[in-house]
Amino acid sequence: MLAVEWTRAVAMRQPGLAIPGLVLGGAALALAAWRIPPAKLGLGTTRFGLRVLGGLALGAVLLLPAAVRSSAVPLLPAGLAVAAVAVSIGEEVAFRGALYAALEDAGGAPLAIIGSTVMWTLAHALSHPLPFLGAVAAAGLLLALWRWACNDLIGPIVGHVIADLAL
Amino acid sequence: MKQGALLALGVIFYAIAAWMVAPGFYDGFNPSPYAFTCPPPQAGDTKPTSGHVDIRVVGGVSEANSAFTNDGQLVIGFLPGAFIAGGKTSISVDIKPLDTCPNPTGIRFVTNIYQVTADAMLDPSKPANLVLQFSNLVPNPSTVYQASDPNGQWSTLPSQPGQPFTIASRITTFGYFAGGYPATSPPPGSFTIGGGQILPIVVAMLIVVVVLVGLPLAVIPRRR
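The structure presented is a predicted model; accordingly, all values stated were derived computationally and were not measured. (Residues numbered from 1 in each chain as written. Chains lettered and ligands numbered in written order. Predicted model: local features only at pLDDT ≥ 70, side-chain atom pairs only at ≥ 80, totals over all residues. Heavy atoms only, no water.)

So, about the pattern of salt bridges. Across all of its chains, the model carries 6 salt bridges over all chains by this definition. For A:Glu91, the salt bridge is made with A:Arg8, and the minimal N-O distance between the two is 3.1 Å. Note that A:Glu91 is positioned in helix α5 (residues 78–123) and A:Arg8 in helix α1 (residues 2–11), a separation of 83 residues in sequence. There is no split in this pair, since A:Glu91 and A:Arg8 are both buried. Here B:Glu63 and B:Arg56 are joined by a salt bridge, their closest N and O atoms 3.1 Å apart. (Salt bridge = Lys/Arg side-chain N within 4 Å of Asp/Glu carboxyl O. Helix = DSSP H or I, 4+ residues; strand = E, 2+ residues; numbered from the N terminus. Buried < 20%, exposed > 50% of the residue type's maximum accessible area, 1.4 Å probe, protein only.)

Following this line, the structure appears as structure tokens:
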């Protein structure tokens, strides 16, 4: 996962590789969940409406600090929207889905929450400036806590997609 | 109960951490916060940097090279022979951010203004490629503007979007450069509602939907 994220971050610095890097990176990350049952990833369909709604709430929480301070943030350019969705889903499936499930099996929920958050933060070390990594880690921790508290990955996916599209 | 409390702590922790940095998740779209000469309220106060390059002249022809500011906010690429060398053995190019922020009538600048100088003129048949980075905290620029005096007349250069959050233009003379858009038109490419209050409205709508739809959804399964 780290190799995919770091390769994506480096590739996106090259001209014309931003969108392919995001789409292919998202797809490669999603492969981490290959052959893992959806329910184990947190992708069950029970109370689906509430899961989606939880994702909307997570999206609101993720965007709130920016919304309070900045009123006229331009939306993401249309060409990048699909790529943003792809990488958001890929990251959630990989980190809060496959990695979380593996770590939970190995050492229980605390290891899954902390381990997936640490890996998520490291994965963003090349794509984000150092001062941003605290906020990245906090977002990862929040999403992992949701994954644990609600046994749900739909919410983090929806929230992550909304946050990436809006900022 | 324990889950809810930890989740609430996660929300608080995130809010504090996110408050300490400029807004943006930047999933690879805009990795470096823009350093503004005159920062908007939501931006940091990092100052923009200057740049310098010496370009060798071999056999009367200047080599291909690039000049850029140390923060990468302005990059100029020069083709081989881009300069009229005139017997020089090297050509010096300097880029300096203007430390003031003029607001010429009819133009809204969204980048810093940079002064680009060189000790040789450009060959007009081999234009240099100038790329300006801009911030995600401001509307996208529609064009690159050029002037010989920052307080004088600004002209537009044919421009096109480059990589995400950059705008590129070809230049044949040096001077002052900045990205912006006509002040009389709405910001290019922007979708605004409610007078540009996009993000607060998005968040408000999310909260309203969660409250209005969430309560019934949460109650219905319990009745079954």
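Right, let's talk about the sheet that holds strand β10 (residues 128–133) of chain B for a bit. All names here are of chain B. One open sheet holds the 5 strands; their spatial order is β3-β4-β10-β14-β13, and the pairing between them is antiparallel. The sheet terminates laterally at β3 (65–68) and β13 (159–161), the two strands that pair on one side only. Each adjacent strand pair in this sheet contributes to an overall mean axis angle of 20°, direction not counted. Here β3 pairs with strand β4 (residues 74–78) via 4 bridges, running antiparallel. Residue Ala67 lies in a different strand from β4, and its bridge partner there is Ile76. (Pairing = 2+ DSSP bridges. Axes fitted to C-alpha atoms, helices over the stretch in contact; angles between N-to-C directions.)

Here we come to the pairing of strand β11 (residues 143–147) of chain B. All names here are of chain B. Of all the 5 residues making up β11, 5 are buried; the element is thus mostly covered by neighbouring parts of the structure. Side chains Thr143, Tyr145 and Ala147 of β11 all project onto a buried face; the interleaved residues Val144 and Gln146 project onto the opposite face, where all are buried too. Strand direction decides the pairing type here: β11 and strand β15 (residues 175–182), joined by 5 bridges, are antiparallel. Its bridge partner being in β15, Gln146 is matched across the sheet by Phe177.

Okay, the packing of helix α6 (residues 133–150) of chain A against helix α1 (residues 2–19) of chain B next. At a closest axis distance of 8 Å, the pairing of α6(A) and α1(B) adopts a crossing angle of 165°. The angle between the axes of α6(A) and α1(B) places the two elements in the roughly antiparallel class. For the pair α6(A) and α1(B), the sense of crossing is left-handed. Residues A:Gly134, A:Ala135, A:Ala138, A:Ala139, A:Leu141, A:Leu142, A:Leu145, A:Trp146, A:Trp148 and A:Ala149 of α6(A) form the contact with α1(B), whose participating residues are B:Gln3, B:Leu6, B:Leu7, B:Gly10, B:Val11, B:Phe13, B:Tyr14, B:Ala17 and B:Ala18. Considered class by class, the residues forming the contact of α6(A) with α1(B) number 16 nonpolar, 3 polar and no charged. (Parallel < 35°, antiparallel > 145°, perpendicular 65-115°, else oblique. Left-handed = near helix turned anticlockwise from the far one by under 90°. Contact = heavy atoms within 4.5 Å. Nonpolar A, V, L, I, M, F, W, Y, C, P; charged D, E, K, R; others polar.)

Once that is clear, we can look at the environment of A:Ala83. Residue position: A:Ala83 is located in helix α5. In this structure A:Ala83 comes out as buried when scored by relative accessible area, which is 1%.

We now examine the side chain of B:Thr69. All names here are of chain B. With respect to the helices, strands and loops of the structure, Thr69 is situated in the loop between β3 and β4. Judged by its relative accessible area of 0%, Thr69 is buried. One polar contact links Thr69 to Asp71, side chain to side chain, over a distance of 2.7 Å. Reaching out from Thr69, the side chain makes a polar contact with the backbone nitrogen of Gln73 at a distance of 3.0 Å. Among residues more than four places away in sequence, those in contact with Thr69 are Thr49, Ser50, Gly51, Leu74, Ile95 and Tyr114. (Polar contact = N/O pair within 3.5 Å; in protein donor to acceptor, adjacent residues only side chain to side chain.)

On to the packing of aromatic side chains. For any pair of aromatic rings, the description rests on two quantities: the centre-to-centre distance and the angle between the ring planes. Inspection of the entire model under this criterion finds 7 aromatic pairs over all chains. Aromatic side chains B:Phe78 and B:Phe174 sit 6.3 Å apart centroid to centroid with 65° between the ring planes, which places their arrangement in the edge-to-face category. Residue B:Phe78 is found in strand β4, and its partner B:Phe174 is found in the loop between β14 (166–171) and β15; the two are separated by 96 residues along the sequence. This pair shows no difference in class: B:Phe78 is buried, exactly as B:Phe174 is. Ring pairing ties together the aromatic residues B:Phe78, B:Phe83 and B:Phe174, which thus form one cluster. Stacked on the ring of A:Trp120, the Lys or Arg A:Arg96 has its end atom at 4.2 Å from the ring centre. (Phe/Tyr/Trp six-rings, centres within 6.5 Å; stacked < 30°, edge-to-face > 60°. Lys NZ or Arg CZ within 6 Å of the ring centre and 35° of its normal.)

Moving on: the packing of α1(A) against helix α2 (residues 18–30) of chain A. All names here are of chain A. For the pair α1 and α2, interaxial distance at closest approach is 9 Å and the crossing angle is 180°. As judged from the angle between their axes, α1 and α2 are roughly antiparallel. Taking contact as the criterion, the partners of Val4, Glu5 and Arg8 in α1 are, on α2, Gly21, Leu22, Gly25, Ala28 and Leu29. The class makeup of the residues in the contact of α1 with α2 is 4 nonpolar, 2 polar and 2 charged.

On to the environment of A:Pro156, then. Residues and elements named next belong to chain A. Relative to the helices and strands, Pro156 is located in helix α7 (residues 154–166). Taking the relative accessible area as the measure of exposure, Pro156 reaches 0% and is therefore buried. Through-space distance from the C-alpha of Pro156 to that of Leu56 is 9.1 Å; in sequence the pair is 100 residues apart. With residues up to four places along the chain from it excluded, the contact list for Pro156 reads Leu58, Glu92, Leu143 and Trp146.

This part takes up the state of the cysteines. Residues and elements named next belong to chain B. Going through the model one piece at a time under the given rule, you end up with 1 disulfide over all chains. Note that Cys38 is cross-linked by a disulfide to Cys101, the S-S spacing being 1.9 Å. Its S-S torsion of about 100° marks the bond between Cys38 and Cys101 as right-handed, since a negative value means left-handed. A residue pair is termed long-range when its members are at least 10 positions apart, and Cys38 in the loop between α1 and β1 (51–58) and Cys101 in the loop between β6 (90–97) and β7 (107–109) qualify at 63 residues. (Disulfide = S-S within 2.5 Å.)

Coordinates in, geometry out; function isn't part of it.
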